[in-house]
Structure formats: structure tokens, C-alpha cells
Amino acid sequence: MQAEEMKDLSDADLVARIAELEREQFNLRFRAASQPLDDPLRLRAVRRDIARMKTVQRQRTMGAVPDVKPASSGRSAAKKTRARAGVKATAKKTR
């Protein structure tokens, strides 16, 4: 299932589909431990589908992602990093 199709599902359908895929993943793992699988790549596909659905679910709970504006202070990247860490810029002492 593609991510676009997952976004069209309702919240209840998404939760039900995740539970269904987790059961399938358990069964595939159980069978893989006892015998060779007919389609070993199915385990990977199920795992990735679960991850995609959980991502869609998380995006819904977070709502819209706020726009990140770049800093326009004119500082260099090193100064920005030091400023965030609370470290003052000091000159190197030479001997």
C-alpha cells in the first residue's frame, strides 16, 4: 500500500490495518523460524508498511508542521552553534 492510499484511510481504519499487519508480521516471523518462507521479502514489505502507517498516524497527531524560517542574523554556523551551547568565543592564546 502506498503512502497516498494510507492518507485516505480514516483513523480507525488505520489503527485496524496496523494491528492486522502486526499480526501478519508476527506470523511471518514465527514461520520463518520454523521453516523457509515462500516469499521472504514479504516480511520486509510488511515491516515497511507498518512504518509508513505509523508515520501517517504520527503526522495526523502532530497536525501541520510549522514552517522553519532560516536565521538571518548574519552569524557564521560555528558562532550559531556556540551561541546555542552558551559558549563564549575566546581568542587562542599563543605561547
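Calculation notes
- Residues numbered from 1 in each chain as written.
- Predicted model: local features only at pLDDT ≥ 70, side-chain atom pairs only at ≥ 80, totals over all residues.
- Heavy atoms only, no water.
- Helix = DSSP H or I, 4+ residues; strand = E, 2+ residues; numbered from the N terminus.
- Buried < 20%, exposed > 50% of the residue type's maximum accessible area, 1.4 Å probe, protein only.
- Contact = heavy atoms within 4.5 Å.
- Areas by Shrake-Rupley, 256 points an atom, 1.4 Å probe, with all protein chains shown as cover.
- Core = buried A, V, L, I, M, F, W, Y, C linked by side-chain atoms within 4.5 Å.
- Salt bridge = Lys/Arg side-chain N within 4 Å of Asp/Glu carboxyl O.
- Expected span 1.5 Å × (residues − 1).
- Patch = residues over 30% accessible without salt bridge, like charges linked within 9 Å, V, L, I, M, F, W, Y side chains within 5 Å.
- Lys, Arg positive; Asp, Glu negative; His and termini not counted.
- Charge placed at Lys NZ, Arg CZ, Asp CG, Glu CD.

**Student:** Which residues make up the overall build of the chain, and what are the values?
**Tutor:** Within the chain, the secondary structure is distributed over four helices and zero strands. Buried residues in the chain amount to 13% of all 95 residues. When contacts within the chain are restricted to residue pairs at least 6 apart in sequence, long-range pairs at least 24 apart make up 62% of them. Split by element, the accessible area of the chain, about 8300 Å² in all, is 52% carbon and sulfur.

**Student:** Break down the nonpolar core for me, citing the residues and quoting the values.
**Tutor:** Formed by M6, L14, I18, L21, L28, L37, V46, I50, M53 and V56, the largest nonpolar core amounts to ten residues. At the level of elements, α2 (11-34) and α3 (41-62) are the ones that each hand at least two residues to this core. Excluding its chain neighbours within four sequence positions, the residues that come into contact with I50 are L21, E22 and Q25.

**Student:** An account of the pattern of salt bridges is needed here, citing residue identities and associated values.
**Tutor:** In total, this model carries six salt bridges according to the counting rule given. When the shortest N-O distance is used, the salt bridge between R60 and D11 registers 2.7 Å. Here R60 is found in helix α3, whereas its partner D11 is found in helix α2, with 49 residues between them in sequence. For R60, a relative accessible area of 31% translates into the label partly exposed.

**Student:** Give me α2: which residues, what numbers.
**Tutor:** With 24 residues, α2 ought to run about 34 Å at 1.5 Å a step, and its terminal C-alpha atoms sit 35 Å apart, in line with that. Those residues of α2 that fall on the buried side of the exposure criterion are L14, I18, L21, Q25 and L28. Its buried side turned inward, α2 meets α1 (3-7) and α3.

**Student:** Go over a positive patch on the surface with me, naming the residues and quoting the values.
**Tutor:** Taken together, the side chains of R29, R44, R47 and R48 present a region of like positive charge at the surface. Summarising the element assignment, R48 is placed in helix α3.

Limitation: the analysis is restricted to geometry and does not speak to function.
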